[in-house]
Number of protein chains: 2
Amino acid sequence: MGFNARDYLESVSLDCVIFGFHNSQLKVLLLKMKYTHEWALPGGFVKQNETVEEAAARVLRERTSVGDIFLKQFRVFSDPERSKINPAVKDLIESGDHPDMEWFEKRFISIGMYALVDFTKVIAVPDYFSEEAVWKSLDEIGTLMLDHNLIVQKALNTLRLQISYQPIGYNLMPEKFTMPELQSLYETILGKTLDRRNFQRKILSFDILTKLPETKKGGAHKAPFLYEFNIENYKKALENGLYGGW
Amino acid sequence: MGFNARDYLESVSLDCVIFGFHNSQLKVLLLKMKYTHEWALPGGFVKQNETVEEAAARVLRERTSVGDIFLKQFRVFSDPERSKINPAVKDLIESGDHPDMEWFEKRFISIGMYALVDFTKVIAVPDYFSEEAVWKSLDEIGTLMLDHNLIVQKALNTLRLQISYQPIGYNLMPEKFTMPELQSLYETILGKTLDRRNFQRKILSFDILTKLPETKKGGAHKAPFLYEFNIENYKKALENGLYGGW
DNA sequence: ACAAAAGTGTTGTAAATACACCCATGC
DNA sequence: GCATGGGTGTATTTACAACACTTTTGT
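Residues numbered from 1 in each chain as written. Chains lettered and ligands numbered in written order. Predicted model: local features only at pLDDT ≥ 70, side-chain atom pairs only at ≥ 80, totals over all residues. Heavy atoms only, no water.

This part covers the overall build of chain A. When helices and strands are tallied, chain A shows 6 helices and 11 strands. Relative to its length of 246 residues, chain A is compact, with a C-alpha radius of gyration of 20 Å against a globular reference of 18 Å. Overall, chain A is about 65 × 40 × 30 Å in size when its C-alpha atoms are taken along their principal axes. Relative to its 246 residues, chain A shows a buried fraction of 48%. The contacts of chain A with a sequence gap of at least 6 include a subset with a gap of at least 24, amounting to 73%. Looking at chain A, you have 31 positive and 33 negative side-chain charges, and the mean spots of the two groups are 8 Å apart. (Helix = DSSP H or I, 4+ residues; strand = E, 2+ residues; numbered from the N terminus. Rg over C-alpha atoms; globule rule 2.2 N^0.38 Å. Buried < 20%, exposed > 50% of the residue type's maximum accessible area, 1.4 Å probe, protein only. Contact = heavy atoms within 4.5 Å. Lys, Arg positive; Asp, Glu negative; His and termini not counted. Charge placed at Lys NZ, Arg CZ, Asp CG, Glu CD.)

Have a look at this one:
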């Protein structure tokens, strides 16, 4: 594969905050970079014939091997200082041992994208510049490369805002899930607890869920019902907005 | 002045949808281009040491001669076909008569910014590529250059969304204004009429207005009270969100 | 004195919140 | 049988929407 700078638009990069949900925790997919061993967001560049969305979808497909994903741009990061790499890395690049890294010395404006994916379907794959791809829950994220901490922060804000006027969950939940599981997702994103009964009433009032006749057995205690999203209504809600805050 | 392509980041441009409010109409500042006489959004490019926001602020200062403005990025437009200029313009550029236009043959990703300005303070100034700068109300906007109609459309959507969770009006209204005037702004942006009494109650509940002892005389009929924004509370509301839809 | 615009108050309804009891399952 | 989590229902509070009358001012 390799990497050929000539294939891409100059000055523009992408950073993807890929959210997944597992064990009642919101997680973000991170890469551990070669040479520098810093943690970073999966990213990429825009090819000559791609839109930004297509480029991000390509990056996502390559890193997660999932296709149908929720993907949205949320902000451009353009501080001229943002791509000032740390001096040790600069030396490394300029030593000439890693000619494929020179591209990174330039200034980039980065388009922040966030994605919501079904954790259980993802097979995380590192890219050409990284040696490892790992899910980290929000509190495990330490210091990231460049301004990537800021990018994650802003992506989270956007997600929190989105949740108050659009449905969330399809793409983040497995196909079948229980009401408490979905509530747990909402609580994690919002960072607060919600009343069980009120949550159920409200989410059902949106008319985006189908209650299945089955229950989820195996877990301790009373078996909860399973639900799935009614994709038709869900998409309608995405377009029209939900109107209502938590 | 002139224009020197070397000063700017490649592949990246800016388009600004500058909203003003006058005579109960929402207006957008448009430029009439030299040579082609197409109407276009004020735009620009990002200098080597600028953020996107700084670049947009510079563009705005140059076009409107106002400084303190509400400015926000709302979306990146990156369709590879978007900057395909129309064939006649292409011929014009390639004829070589206008060497300063060659820059425009490249592909650009454009960052859509929208701005809210006090109409009464603006002195509209065309840029190096345009011969005229004019306010047009939404229904007067005809076909614009490139994908600028789409950009205006998306800016409006964003503004409509913003109005439901953040205060709007400071920067769009003159310092002192009457309640009906402010209501008219809201009605214009939302595209629907609102109940006078409910509007007043709601907007006052946000605690962002100060009622002045004066009334606006001179108009026919009963003299309405004047209000001004309480900037401190207004900014707080901007940050915290308003929570509530119209 | 009348028309047109602005000020103000009330009331019904719907949505959000708070809260309590019963049921199933694993240990 | 008891602790834990899940299912369901109801009362209270709060926000929204609909609506009517009075006041001021210009003609």
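It is worth spelling out the interface of chain B and chain A at this point. Between chain B and chain A, the contact holds 26 residues from the first and 26 residues from the second. If you look at where chain B meets chain A, you find 0 salt bridges. Applying the counting criterion to the chain B and chain A interface returns 12 residue pairs in polar contact (both at pLDDT 80 or more). Elements represented by at least two residues in the side of chain B that touches chain A include exactly strand 1 (8-22), strand 4 (43-47), helix 1 (52-64), strand 5 (70-77) and strand 6 (109-116) of chain B. With 4 residues, the single largest contributor to the side of chain B that touches chain A is strand 1 of chain B. Of the residues belonging to the side of chain B that touches chain A, the class tally is 12 nonpolar, 7 polar and 7 charged. (Salt bridge = Lys/Arg side-chain N within 4 Å of Asp/Glu carboxyl O. Polar contact = N/O pair within 3.5 Å; in protein donor to acceptor, adjacent residues only side chain to side chain. Nonpolar A, V, L, I, M, F, W, Y, C, P; charged D, E, K, R; others polar.)

Residue and element names in this part refer to chain A. The end-to-end C-alpha distance of helix 3 (residues 148-162) is 21 Å, a good match for the 21 Å that 15 residues give at a rise of 1.5 Å each. Within helix 3, the full set of buried residues consists of His148, Ile151, Val152, Ala155, Leu156, Leu159 and Gln162. Buried positions in helix 3, seen along its axis, are confined to an arc of 135 degrees and lie on one side of it. (Expected span 1.5 Å × (residues − 1). Arc of directions from axis to C-beta.)

This brings us to the packing of aromatic side chains. To describe a pair of aromatic rings, you give the distance between the ring centres and the angle between the ring planes. Applying the stated criterion across every chain, the model contains 39 aromatic pairs over all chains. Judged by centre distance (6.0 Å) and plane angle (70 degrees), the rings of Phe74 of chain A and Phe77 of chain A are edge-to-face. Geometrically, the ring pair formed by Tyr170 of chain A and Phe229 of chain A is edge-to-face, given 6.1 Å between the ring centres and 85 degrees between the ring planes. Note that Tyr170 of chain A is positioned in strand 8 (residues 169-173) and Phe229 of chain A in strand 11 (residues 225-229), a separation of 59 residues in sequence. An aromatic cluster is defined as three or more aromatic residues linked by ring pairs; in this entry it consists of Phe3, Tyr8, Phe45, Trp103, Phe104, Phe108, Tyr128 and Phe129 of chain B. For the cation-ring pair, Lys34 of chain B lies above Tyr128 of chain B, with the distance from its terminal atom to the ring centre recorded as 5.0 Å. Taking the ring centre of Phe225 of chain B as reference, the NZ or CZ of Lys211 of chain B above it sits at 4.2 Å. (Phe/Tyr/Trp six-rings, centres within 6.5 Å; stacked < 30°, edge-to-face > 60°. Lys NZ or Arg CZ within 6 Å of the ring centre and 35° of its normal.)

Taken together, 21 residues sit near DNA strand D, with Arg196, Arg197 and His221 of chain A together with Arg197 and Arg201 of chain B positioned nearest. Each atom of DNA strand D within 4 Å of the protein was classed as base or backbone; sugar and phosphate made up 45%. Note that a base nitrogen of DNA strand D is positioned 2.9 Å from one of the side-chain N or O atoms of Arg201 of chain B. The set of elements that each furnish at least two residues to the surface near DNA strand D consists of helix 5 (196-205) of chain A together with helix 5 (196-205) of chain B. (Near = heavy atom within 4 Å.)

This part covers the relation of the copies chain B and chain A. Overlaying chain B with chain A gives an RMSD of 0.1 Å, the required rotation being 180 degrees about an axis along which the chain moves by 0.0 Å. When the rotation and shift are considered jointly, the pair of chain copies conforms to a two-fold rotation axis. Looking at chain B, 100% of its interface residues are interface residues in chain A too, so the copies touch through the same face. (Least-squares fit on C-alpha atoms with pLDDT ≥ 70 in both.)

Here we come to the domain arrangement of chain A. Residue and element names in this part refer to chain A. Here the domain parsing of chain A yields domain 1 (5-162) and domain 2 (169-240). Across the boundary between the two partners, domain 1 contributes 17 residues, which contact 13 residues of domain 2. At the boundary of domain 1 with domain 2, total buried surface from both sides reaches about 1200 Å², with 58% on carbon and sulfur atoms. The three residues of domain 1 that bury the most area against domain 2 are Phe21, Asp118 and Arg160, which together make up 41% of that side's buried surface. At the junction of domain 1 with domain 2, the criterion picks out 1 salt bridge. In this structure, the salt-bridge partner of Lys121 is Glu175, at a minimum N-O distance of 3.4 Å. Between the two partners, domain 1 and domain 2, sit 5 residue pairs in polar contact (both at pLDDT 80 or more). Listing elements by their share of the side of domain 1 that touches domain 2, those giving two or more residues are strand 1 (8-22), strand 2 (25-33) and helix 3. Per-class residue counts for the side of domain 1 that touches domain 2 are 9 nonpolar, 4 polar and 4 charged. (Domains from an automatic or database assignment. Buried area = accessible area lost by both parts, 1.4 Å probe.)

Another aspect to go through is the confidence of the model for chain A. Across chain A, the average pLDDT comes to 92, with 98% of residues at 70 or higher. Mean pLDDT in chain A bottoms out at helix 2 (residues 87-94) of chain A, which sits at 78, and peaks at strand 6 (residues 109-116) of chain A, which reaches 98. (pLDDT = per-residue confidence, 0-100.)

Glancing now at the side chain of Asp147 of chain A. All names here are of chain A. For Asp147, the location among the structural elements is in the loop between strand 7 (130-137) and helix 3. Overall, Asp147 belongs to the buried group, its relative accessible area being 12%. In this structure the side chain of Asp147 is engaged in a polar contact, spanning 2.7 Å, whose partner is the side chain of Arg82. Once you skip the residues sitting within four places of it in the chain, Asp147 turns out to touch Phe77 and Arg82.

Attention now moves to the protein's contact with DNA strand C. Taken together, 19 residues sit near DNA strand C, with Arg197, Asn198 and His221 of chain A together with Arg196 and Arg197 of chain B positioned nearest. Protein-adjacent atoms of DNA strand C, using a 4 Å cutoff, are sugar or phosphate at a proportion of 45%. Contact distances for DNA strand C include 3.2 Å between a base oxygen and a side-chain N or O atom of Arg201 of chain A. Contacts to DNA strand C include Arg196 of chain B, whose side-chain N or O atom sits 2.9 Å from a base nitrogen. Contributing elements (two or more residues each) for the surface near DNA strand C: helix 5 of chain A together with helix 5 of chain B. Among the residues forming the surface near DNA strand C, the class breakdown is 4 nonpolar, 4 polar and 11 charged.

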